[in-house]
Amino acid sequence: MLSIGTATAQAPQQASTPAPRAEWVTLGTSGGPSVQAERSQIANALVVGDAVYLFDVGNGVQRQMAKAHIPERNVAAVFITHHHLDHNASLGPIIVTHWSFKSGKLPIYGPAGTVHLASGLAAANTPTELAGFPTAGPAKPPATAEIEPHDLPDDIQQPTLVFQDSRVRVWAIGVDHYQVKPSIPLAKMPQAVAYRVEAGGRVFVFTGDSGPSARLIKLASGADVLISEIVEPEAVANQLMKNAMGAAPRVRDAVINGMSHNHLSSAEVGKLASTAQVKRVVLTHFVPSPEVVSDRSGFTDGIFPRRWLVGQSTISATRRCISAAVRTPEDNGTATEGRIEEDFKEKAIYFRIARI
Ligand SMILES: [Zn+2]
Ligand SMILES: [Zn+2]
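Residues numbered from 1 in each chain as written. Chains lettered and ligands numbered in written order. Predicted model: local features only at pLDDT ≥ 70, side-chain atom pairs only at ≥ 80, totals over all residues.

### With respect to the overall build of the chain
What the chain contains, in helices and strands, is 9 helices and 16 strands. Within the chain, contacts between residues at least 6 apart in sequence are counted, and of these 66% link residues at least 24 apart. (Helix = DSSP H or I, 4+ residues; strand = E, 2+ residues; numbered from the N terminus. Contact = placed C-beta atoms within 7 Å.)

Encoded structure:
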């Protein structure tokens, strides 16, 4: 179902019957196109009752779903934030698996290019369809007929309702990725979106990839859980410089500049969380992968100014959960208490965000 239209991102509607429990599962938390040995690429499952909504499907999502005991047959829709490989690499396998084990159209949403990508992946798998299985039943429609891909409008400026069913409502907004001149004109590049979801009486916001963006603040306003991307530009630059011996300092500067415009540092995540007054922050899209970084404090140190910390001793980048207050002393207690969570210890295993 596609129901495009502007809507405010406030006050979830009260359902007449009790909302089914909603749980956000970070299936993959590694950003960047390289596949990591110990951490899967970006993927999230929102599990609402027996329905599963996937938000990004980077490499390894199906294995992660199996580990998290999330049945693939329960996938009700797929939402993609943008067309970088770490966010869409497993779309093909998901389409073919849907065709193999389920009937009916799988809705797939994403920015411009999603129809092209999904339709092409389905069409390219004709040989897989023809191979069949010894236990195959009656002939099925082709995979191309079992998907319902949608391109979201370009440059969405306000939270815009793009999908709803009996369990969830999903809003999208354009975000600020690809801000540094690439090898092709910016105008030709597909766009990136972030999603806001109401489910189970709670609001989840997933940033996808974005630099600092006023639109993200609008989308995240008052959310119960902000699932935010995070990068550590200094660590990325240091890694690159180590690998590219003798690279000029300007390369390092260019890397830091690009990362700062296209992604969120811990300080920017902190600003976003406090400005939007979200209740809880969950970090994902770690670049570089925490497994290859000796000092992980850069992922969390800047999230909240130190004066906001409930206690300095509670900050430890190796801890799974970090408690902090999403407020300043000047707020006079009007802002909400919040928590920051990360999954350094969970590695490639999933991280469930239980009811708060
Ligand atoms: Zn990414
Ligand atoms: Zn990206």
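Structure shown, so let's carry the discussion forward.
### Considerations on the pairing of strand E12 (residues 225-231)
Of all the 7 residues making up E12, 7 are buried; the element is thus mostly covered by neighbouring parts of the structure. Burial of E12 is two-sided: the residues Val225, Ile227, Glu229 and Val231 facing one way and the residues Leu226, Ser228 and Ile230 facing the other way are all buried. In this sheet, E12 lies alongside strand E11 (residues 202-206) in parallel orientation, the contact comprising 3 bridges. Directly across from Phe204, in E12, lies its bridge partner Val225. In this sheet, strand E13 (residues 280-287) lies alongside E12 in parallel orientation, the contact comprising 7 bridges. Paired with Ile230 across the two strands is Phe286, which belongs to E13. (Buried ≥ 20, exposed ≤ 12 C-beta atoms within 10 Å, placed from the backbone. Pairing = 2+ DSSP bridges.)

### With respect to helix H3 (residues 91-101)
Turn by turn, an α-helix covers 3.6 residues, leaving residues three or four places apart pointing in a common direction. Buried residues of H3: Leu91, Ile94, Ile95, His98 and Trp99, and no others. Summarising the axial view, the buried residues of H3 lie within an arc of 135°, below the 170-degree limit, and thus occupy one face. (Arc of directions from axis to C-beta.)

### Regarding the confidence of the model for the chain
Chain-level pLDDT for the chain is 79 on average; 75% of the residues reach the 70-or-more range. Overall, residues 1-15 carries pLDDT values under 50, and its contacts beyond four positions in sequence, including any with other chains, amount to 29 contacts. Considering only residues more than four positions removed or in separate chains, one finds that residues 345-349, a stretch of pLDDT under 50, has 8 contacts. (pLDDT = per-residue confidence, 0-100.)

### Some words on the pairing of strand E8 (residues 160-164)
Within a regular strand, the side chains alternate between the two sheet faces. With 4 bridges joining them, E8 and strand E9 (residues 168-174) adopt antiparallel strand pairing. Pairing of Phe163 across the sheet is with Val170, part of E9.

### So, the environment of Leu117
The residue Leu117 is located in helix H4 (residues 114-124) in this model. Given 20 C-beta atoms within 10 Å, Leu117 falls into the buried group. As for Leu117 and His83, which are separated by 34 residues in sequence, their C-alpha atoms are 9.0 Å apart. Contacts of Leu117, omitting those with residues within four sequence positions, involve His83, Asn88 and Leu91.

### Quick word on H4
Along H4, the residues classified as buried are Thr114, Leu117, Ala118, Leu121 and Ala122. Along the axis of H4, the buried positions cluster into a sector of 125°, meaning they face one direction only.

### Observations regarding the packing of helix H7 (residues 233-243) against helix H8 (residues 249-262)
As a packed pair, H7 and H8 sit with axes 9 Å apart at the nearest point and diverge in direction by 145°. Between H7 and H8 lies a crossing whose hand is right-handed. Every residue of H8 that contacts H7 at Pro233, Glu234, Val236, Ala237, Leu240 and Met241 is listed here: Arg252, Val255, Ile256, Met259 and Ser260. Looking at the contact of H7 with H8 residue by residue, the classes come out as 8 nonpolar, 1 polar and 2 charged. (Axes fitted to C-alpha atoms, helices over the stretch in contact; angles between N-to-C directions. Left-handed = near helix turned anticlockwise from the far one by under 90°. Nonpolar A, V, L, I, M, F, W, Y, C, P; charged D, E, K, R; others polar.)

### Observations concerning the environment of Pro212
Structurally, Pro212 is set in the loop between E11 and helix H6 (214-220). For the pair Pro212 and His261, spaced 49 residues apart in the sequence, the C-alpha separation amounts to 7.1 Å. Setting aside residues up to four positions removed in sequence, Pro212 forms contacts with Leu264 and Glu268.

### Some words on the nonpolar core
Among the nonpolar cores identified, the biggest contains 82 residues, and Leu46 and Leu54 are the most heavily contacted of them. Those residues in contact with Leu46 that lie beyond four places of it in its chain are Ala22, Trp24, Tyr53, Phe55, Val168, Val197, Ala199 and Phe204. (Core = buried A, V, L, I, M, F, W, Y, C linked by C-beta atoms within 7 Å.)

### Details of the packing of H3 against H4
Relative to each other, H3 and H4 sit at 55°, their axes nearing to 9 Å. As summarised for this structure, H3 and H4 are arranged oblique, according to the angle between their axes. Remark: the crossing between H3 and H4 carries right-handed chirality. Residues Leu91, Gly92 and Ile95 of H3 touch H4, and the partners they reach there are Leu117, Ala118, Leu121 and Ala122. Taken together, the residues of the contact of H3 with H4 sort by class into 6 nonpolar, 1 polar and no charged. (Parallel < 35°, antiparallel > 145°, perpendicular 65-115°, else oblique.)

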